[in-house]
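Letter by letter, the chains look like this.
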Amino acid sequence: MAHYPFKEIEQKWQKLWDASQIYKVEDNFEKPKFYILDMFPYPSGSGLHIGHPEGYTATDILARYKKMTGYNVLHPMGFDAFGLPTERYCMEKGIHPVVATNQNIAVFREQLKMIGLGYDWSREVNTTDPSYYKWTQWMFLLIYNSWYDHNKKAARPIAELPIPEDLIEQKDIDDYIDSKRLAYIDMIPVNWCEKLGTVLANEECDEWREKGYKVERRPMRQWMLRITEYAQRLLDDLELVDWPESTKEMQKNWIGRSEGAEIIFPVSDSNEQIPVYTTRPDTVFGAAYVVLAPEHPLVEKISLQANIDEVKKYQQYASYRSDVERMEISKEKTGVFTGAYAINPANNKKIPIWIADYVLLNYGTGAIMAVPAHDERDHEFATVFNLPIIQVLAPKDGTDIDITKAAFTSDGIGINSENNEVSLNGLNTSEAKKQIIEWLESKNIGKGKVEFHLWDWLFSRQRYWGEPIPIMFFEDGSRRSLDFDELPLKLPEIKEFKPSGSLESPLALIDSWVSFIDKKTGKKARFETNTMPQWAGSCWYYLRFIDPHNDEIFCDKEKERYWMSPDGIDLYIGGAEHAVLHLLYARFWHKVLYDYGYVSTREPFRKLFHQGLIMGEMEYIMYVDDNGNPVSSELVSGSGSYKGYKLISKRLDENEVEKIKDSERKQDYFVLKSSEKIRINARTFKMSKSRGNVINPDDVVAKYGADSLRVFEMFLGPLQDAKPWADKGIEGVNRFLNRVWRLMINES
């Protein structure tokens, strides 16, 4: 029986497509356009995984359809190639990141061509290419040399920043300018890994801890981008995009706009003051204690000598916990009393000052007024440490509540809330908020305020394999940003790029990097030793695809207007794991470019779609006791126990189980074929080397062909859903394609 000769046919046509550049795109402004983009991959040493072709095939189908219906279609591909994994791999293998990256990209490129995807390879970008990161550096300097004008709601050149008339000394003027720059240096607590020699994002901590690395919180000198200035625009402009509602909601929550008040709590017997931000200023009379973040700069200033040892011990404990861990609602509350007291400005009562890890330095002011009667976390903390719980709100319907058992967190009616100048008693929550803010402002001890949960973007990494930050520093403490004719500032070619042993990157060990004479000023100088995070290059790559070979500007304005009009990229597809950070950072970066007229749209990605994960094959697990007797899965606890005894799990083959349809619950389940009373735990797992369930697309294409892989992944289920891989499924698709071949082709 004749079989479809996929190897012969696929290789023949792929070579022809490559040679003729059949997918090369021209900038034909007369034709209607369609810009469709996949989130470009990080080229790891292991090559493509089986999930990559799913989204890529979907966009390939749509791109081909649009071309056939008369559109000029831009469907490019590139590589997001800077990053810590490559640097670590190269340290272990003793090879240079440039070599490893080029090898990995070559493998990825060949795999993508093998699958038959119709990319315009003449537009390929690589974030580690100096001709690319020249423009990443240029954009960083645009941000660095800008300030945010709240009246015009846009970034403006730092040279146009109004300087207060009372600033006379140049240092004072420079400090003021630096305080307004959209890129600035600050000392902030970060996730530091000594062994890796770099700072990690909150989202990276768990991954590296699982690999055996120790991560601690430590204050360090860092570059920051003032993304918070764009918080309201980032929030408002979500109305302009066609994105999954869940993703928009995640961004809204991450930005986290809230309205409340900033209130000043003086420290007793001290000149220090503690500003706190609260969304419930109406409960200020119930503030029973103040809590500072363990890293708060006031902690060491106000802690009493008798308490300082316990305070420092707790600070060390908190330093090993990530912000995500610290914010877990269910975690046990911990903290330490500083020995100091604050004055509640509403009633002039002394209240204790504690430190606790459930307060973060980067949110609000890094301090809270704790009202345990009306906040769940404060109530838990107060209960653990036997602190006062003062009720200042009552339910609107007059219901009696026991405030010692649980916090009352709803809106209500004010009680126990008055002094000689203001009374909130009898007022509902909204009225009480207005009243107390007016009083605070009249006394100059507080003010109404809009706050965002969003933090400024930590933009430094203490590693070699990243974009150099184009700033040099002089011995007198001044600094200079590089001019355009000095870009790109290239990474030096070095053989040793292990951690420096200090809080700086390996670049700090290179004499020519940290000690040279600046040709433009004649001063002795050193370059910034931190490098940019991996997010930097991925913030704007979609624009470089439009004009990838332009040496004069990152993207020609006419071409940008053509491909990005009217509202950004027509379709952007990628994983939901990028729902917040990449998408938020790219939106911020784009808005800065928009403020200066370099791009024509307020948002970069008009329509967004998330493809689901392809999971490992379905795994069938039967539980048995010590005697080998099977136990039905619905009787087994989540920890794999039955009646207090730990069970043994046994993996079964598919032919040993049977699917049962439950029409009442509308949910199928699996049973042991030899005994239908025994239910089987059937589930899928994310592909991982440790589970041994990784599927290599090279093996699938070699056995079944690219067409079988593409068709099978499109028929697995809805594109947005997670679904399991199934060898039997691709075998069925392969048989179908063979039948089509025999139907259409008479080999004789």
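Residues numbered from 1 in each chain as written. Predicted model: local features only at pLDDT ≥ 70, side-chain atom pairs only at ≥ 80, totals over all residues. Heavy atoms only, no water.

Caption draft 1: Expanded view of the overall build of the chain. Scanning the chain from N- to C-terminus turns up 22 helices and 33 strands. Radius of gyration (C-alpha) of the chain: 30 Å, near the 27 Å computed for a compact globule of 748 residues. Across its three principal directions, the C-alpha atoms of the chain cover 105 × 80 × 50 Å. By residue count, 52% of the 748 residues in the chain fall in the buried class. Looking at the chain alone, contacts between residues at least 24 apart form 72% of all its contacts between residues at least 6 apart. (Helix = DSSP H or I, 4+ residues; strand = E, 2+ residues; numbered from the N terminus. Rg over C-alpha atoms; globule rule 2.2 N^0.38 Å. Buried < 20%, exposed > 50% of the residue type's maximum accessible area, 1.4 Å probe, protein only. Contact = heavy atoms within 4.5 Å.)

Caption draft 2: Spotlight on the packing of helix α21 (residues 706-714) against helix α22 (residues 727-744). Taken N-terminus to C-terminus, the directions of α21 and α22 make an angle of 120 degrees; their axes are 9 Å apart at the nearest point. Relative to α22, α21 is oriented oblique. The two elements α21 and α22 meet at a crossing, and its hand is right-handed. Within the contact between the two elements, α21 uses Asp-707, Ser-708, Leu-709, Val-711 and Phe-712 and α22 uses Gly-729, Ile-730, Val-733, Asn-734 and Leu-737. Taken together, the residues that form the contact of α21 with α22 break down as six nonpolar, three polar and one charged. (Axes fitted to C-alpha atoms, helices over the stretch in contact; angles between N-to-C directions. Parallel < 35°, antiparallel > 145°, perpendicular 65-115°, else oblique. Left-handed = near helix turned anticlockwise from the far one by under 90°. Nonpolar A, V, L, I, M, F, W, Y, C, P; charged D, E, K, R; others polar.)

Caption draft 3: Expanded view of the pairing of strand β12 (residues 350-355). Most of β12 is tucked away, with five of its six residues classed as buried. In this sheet, β12 lies alongside strand β10 (residues 289-292) in parallel orientation, the contact comprising three bridges. Among the inter-strand pairings, Val-291 is bridged to a residue of β12, identified as Trp-354. By the bridge criterion, five bridges tie strand β11 (residues 336-343) to β12 in an arrangement that is antiparallel. Across the sheet, Phe-337 pairs through a bridge with Trp-354, a residue of β12. Count of turn residues in the β11/β12 antiparallel hairpin: six residues, of which Asn-348 carries a positive phi of about 60 degrees. (Pairing = 2+ DSSP bridges.)

Caption draft 4: Structural context of a negative patch on the surface. Judged by side-chain charge, Glu-165, Asp-166, Glu-169, Asp-172 and Asp-174 come together as a negatively charged surface patch. You can see Asp-172 is positioned in helix α6 (residues 170-180). Given the relative accessible area of 37%, Asp-172 is considered partly exposed. (Patch = residues over 30% accessible without salt bridge, like charges linked within 9 Å, V, L, I, M, F, W, Y side chains within 5 Å. Areas by Shrake-Rupley, 256 points an atom, 1.4 Å probe, with all protein chains shown as cover. Salt bridge = Lys/Arg side-chain N within 4 Å of Asp/Glu carboxyl O. Lys, Arg positive; Asp, Glu negative; His and termini not counted. Charge placed at Lys NZ, Arg CZ, Asp CG, Glu CD.)

Caption draft 5: Seen up close, the side chain of Ser-417. As for its placement among the helices and strands, Ser-417 is situated in the loop between β15 (413-414) and α14 (429-442). Note on Ser-417: relative accessible area 0%, which makes it buried. Among the polar contacts made by the side chain of Ser-417, one reaches the main-chain carbonyl oxygen of Ile-415 at a distance of 2.7 Å. Apart from residues no more than four positions distant in its own chain, Ser-417 is found in contact with Phe-285, Val-392, Val-422, Ser-423, Leu-424 and Asn-425. (Polar contact = N/O pair within 3.5 Å; in protein donor to acceptor, adjacent residues only side chain to side chain.)

Caption draft 6: View of the pattern of salt bridges. Under the defined criterion, the tally for this structure stands at 45 salt bridges. As a salt-bridge pair, Asp-18 and Lys-113 come within 3.3 Å of each other at their nearest N and O atoms. Placement of the pair is Asp-18 in helix α1 (residues 6-20) and Lys-113 in helix α4 (residues 97-114), with a sequence separation of 95 residues. The shortest N-O distance in the salt bridge between Arg-218 and Glu-194 comes to 3.7 Å. Taken together, the residues span a long stretch of sequence, with Arg-218 in strand β7 (residues 216-225) and Glu-194 in the loop between β5 (183-193) and β6 (198-200) at a distance of 24 residues. In this structure Arg-218 comes out as partly exposed when scored by relative accessible area, which is 22%. The partly exposed category is assigned to Glu-194, whose relative accessible area is 43%. Where salt bridges share partners, they join Arg-480, Asp-483, Asp-485, Glu-486, Asp-518 and Lys-520 into one cluster.

Caption draft 7: Region of the structure containing the nonpolar core. With 101 residues, the main nonpolar core has Tyr-35, Phe-140 and Trp-589 as its most contacted residues. At ten residues, the largest contribution of residues to this core is made by helix α5 (residues 130-144). Counting 48 residues, the second largest nonpolar core, distinct from the first, contains Val-311, Ala-346, Leu-424 and Leu-440. (Core = buried A, V, L, I, M, F, W, Y, C linked by side-chain atoms within 4.5 Å.)

Caption draft 8: Highlighting the sheet that holds strand β8 (residues 257-266). One open sheet accounts for three strands, arranged β9-β8-β16; its pairing is antiparallel. Both outer strands of the open sheet, β9 (273-278) and β16 (446-452), are each paired with one neighbouring strand and no more. Pairwise comparison of adjacent strand axes, ignoring direction, gives a mean angle of 35 degrees for this sheet. Taken together, the six bridges between β8 and β9 define a ladder with antiparallel strand orientation. When the sheet's bridge partners are listed, Ile-264 is paired in β9 with Pro-275. Together, β8 and β16 form the strand contacts of α14, whose direction differs from that of β16 by roughly 120 degrees.

Read these as spatial facts, not as claims about activity.
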